Amino acid sequence: MLTCSRSYQDSKMTVWWCWKETLNARDVPTDFRDIGILHGYRKPGSSFRTCLQSMFKLHNETFNVWTHLIFSSLFLYLLCTQPHELLAADGYTLFCLLITCVLYPLGSATAHLFNCMSPVARHICFMIDYLSISLYAFGACCSNKVYALPDSWQGGLFADLFLVCMFVCCMGCVYVSCSTRFMPVCRRTKILRLSAFALPYIIGMTPCMHRVIFCSEADNTCVGASYYAQHFFDTIFTVTFYGGHVPEVLFPGYFDIFFQSHSIFHVVVAIGSYHHSQGIMMNMTSRPVSNRSPMSISPIYPLALLTILNSLIVIHFGRRMAKLKRTTSGLHLVMNNNEHKDK
């Protein structure tokens, strides 16, 4: 432990020139604190320009920003290097999957970069993050329906209601997650947010789960199953770290910058998305067109509609949050004025 403590202090001295402007947890409001993170907070009320400049400084959000920016760029490269014929096949289903893989890391990076501008901006930033995650969930669901849906399920009730259920769930998870921004910051709210996204994940990944559990070489259903299995392992691994705030909750103050649970969460989630996309592309190239489960319309249209509706949900809760903060500030101002008059 002494060696770890000495290494930690040495690393802080090494980067002191960009660490000195940060604050400790006790110096920032409760809403801006993270469990187990004691140092490295940026000053609340920072301007847009200051937040943008903080990308190149060391604080407890630096790697949360850069991990997702890097993976967003990698998915953009993967999207741009795919042949147009492959992207245009089956109504641009693969395009919808890859573009949402680009957007959700970008949304998360934006949220972590600008969340210290104000309390209202912080909440709205993470509401946008929830929106981008819901879009990825629906994009993954569309690709699963077309390329991973078992042959025995095609034409059945599950196949008919699959996208409808996912559409409703993706709206519901954004609504519930935005609602939790009005609750006290604690483990219960984080569990509630995880649960809100767990339902669409379980429904959307059911075809891939079926391929992993019941795959058979005889009917060629094992194609892509290894990638899906890696994706599920990545998911279990990252939820364990994210939900338990490991390792910073075990060693408070030692993982304020490097290797905190949220950074690990970002990296492993992106790797899981890559594994899933590779499994889909294997199914796409190996599965005959006659055995696919095509959609009646291009997934671009329901994805665009979902984007609009979830944006309206975010706008609704954003306005509600701004109104609540103004009311709270006004109430505090009246109380302070009354106290001043009494004196």
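Calculation rules
- Residues numbered from 1 in each chain as written.
- Predicted model: local features only at pLDDT ≥ 70, side-chain atom pairs only at ≥ 80, totals over all residues.
- Heavy atoms only, no water.
- Helix = DSSP H or I, 4+ residues; strand = E, 2+ residues; numbered from the N terminus.
- Buried < 20%, exposed > 50% of the residue type's maximum accessible area, 1.4 Å probe, protein only.
- Contact = heavy atoms within 4.5 Å.
- Areas by Shrake-Rupley, 256 points an atom, 1.4 Å probe, with all protein chains shown as cover.
- Axes fitted to C-alpha atoms, helices over the stretch in contact; angles between N-to-C directions.
- Parallel < 35°, antiparallel > 145°, perpendicular 65-115°, else oblique.
- Left-handed = near helix turned anticlockwise from the far one by under 90°.
- Nonpolar A, V, L, I, M, F, W, Y, C, P; charged D, E, K, R; others polar.
- 1 Å grid on protein atoms, 1.4 Å probe; cavity = no way out; pocket = protein on both sides within 12 Å on 5 of 7 lines; lining within 4 Å.
- Points joined across faces, edges and corners; volume = space filled by probe spheres on them.
- Core = buried A, V, L, I, M, F, W, Y, C linked by side-chain atoms within 4.5 Å.

A.B. asks: Would you mind going over the overall build of the protein chain in detail, with residue names and values included?
C.D. replies: Per the secondary structure count, the protein chain includes twelve helices and zero strands. Across the 343 residues of the protein chain, 46% fall into the buried class. Long-range pairs, those at least 24 residues apart, make up 75% of the contacts in the protein chain with a sequence separation of at least 6. With an accessible surface of roughly 17,400 Å², the protein chain has 68% of that area assigned to carbon and sulfur atoms.

A.B. asks: Can you break down the packing of helix H6 (residues 119-148) against helix H11 (residues 261-286) residue by residue, with the values?
C.D. replies: The interhelical angle for the contact between H6 and H11, taken along N-to-C directions, is 25°, at an axis separation of 9 Å. Viewed along their axes, H6 and H11 adopt a mutual orientation that is roughly parallel. Remark: the crossing between H6 and H11 carries left-handed chirality. Across from Tyr136, Ala140, Ser143, Asn144, Tyr147 and Ala148 in H6, the residues of H11 making contact are Ser273, His276, Ile280, Asn283 and Met284. Residues belonging to the contact of H6 with H11 are distributed by class as follows: six nonpolar, five polar and no charged.

A.B. asks: Which residues make up empty space enclosed by the protein, and what values do they have?
C.D. replies: Per the counting criterion, the structure on display carries one cavity of 30 Å³ or more. Computed from the structure, the largest cavity encloses a volume of approximately 80 Å³. What lines the largest cavity is Phe32, Asp34, Tyr41, Arg42, Asn60, Glu61, Asn115, Cys116 and Arg122. Of the residues belonging to the lining of the largest cavity, the class tally is three nonpolar, two polar and four charged.

A.B. asks: Residue-level account of the nonpolar core, with values.
C.D. replies: One recurring pattern in soluble globular proteins: nonpolar side chains tend to sit buried together. Residues Leu94, Leu97, Phe138 and Cys178 are the most contacted members of the largest nonpolar core, which totals 61 residues. Taken together, the elements giving at least two residues each to this core come down to helix H4 (62-80), helix H5 (84-114), H6, helix H7 (157-179), helix H8 (187-204), helix H10 (225-244), H11 and helix H12 (300-342). Sort the elements by how many residues they give to this core and H6 lands first, with 15 residues. When neighbours within four sequence positions are excluded, Leu97 is seen to be in contact with Tyr136, Gly139, Ala140, Ser143, His276, Ser277 and Ile280. By size, the runner-up hydrophobic cluster in this structure holds five residues, among which are Val28, Phe32, Ile37 and Tyr41.

A.B. asks: Describe unusual backbone geometry, and please don't skip the residues or the numbers.
C.D. replies: Residue Pro247 is bonded to the preceding Val246 through a cis peptide linkage, with omega at 15°. Along the chain, Pro247 falls in the loop between H10 and H11. Phi at Asp90 takes a positive value of approximately 55°, unusual for a residue other than glycine. Examined against the element boundaries, Asp90 turns out to sit in helix H5. Classification of Asp90 by relative accessible area gives partly exposed; the value is 25%. If you check the backbone angles, Phe259 has positive phi at about 65° while not being a glycine. The residue Phe259 is located in the loop between H10 and H11 in this model. Residue Phe259 is classed as exposed on the basis of its relative accessible area of 58%.

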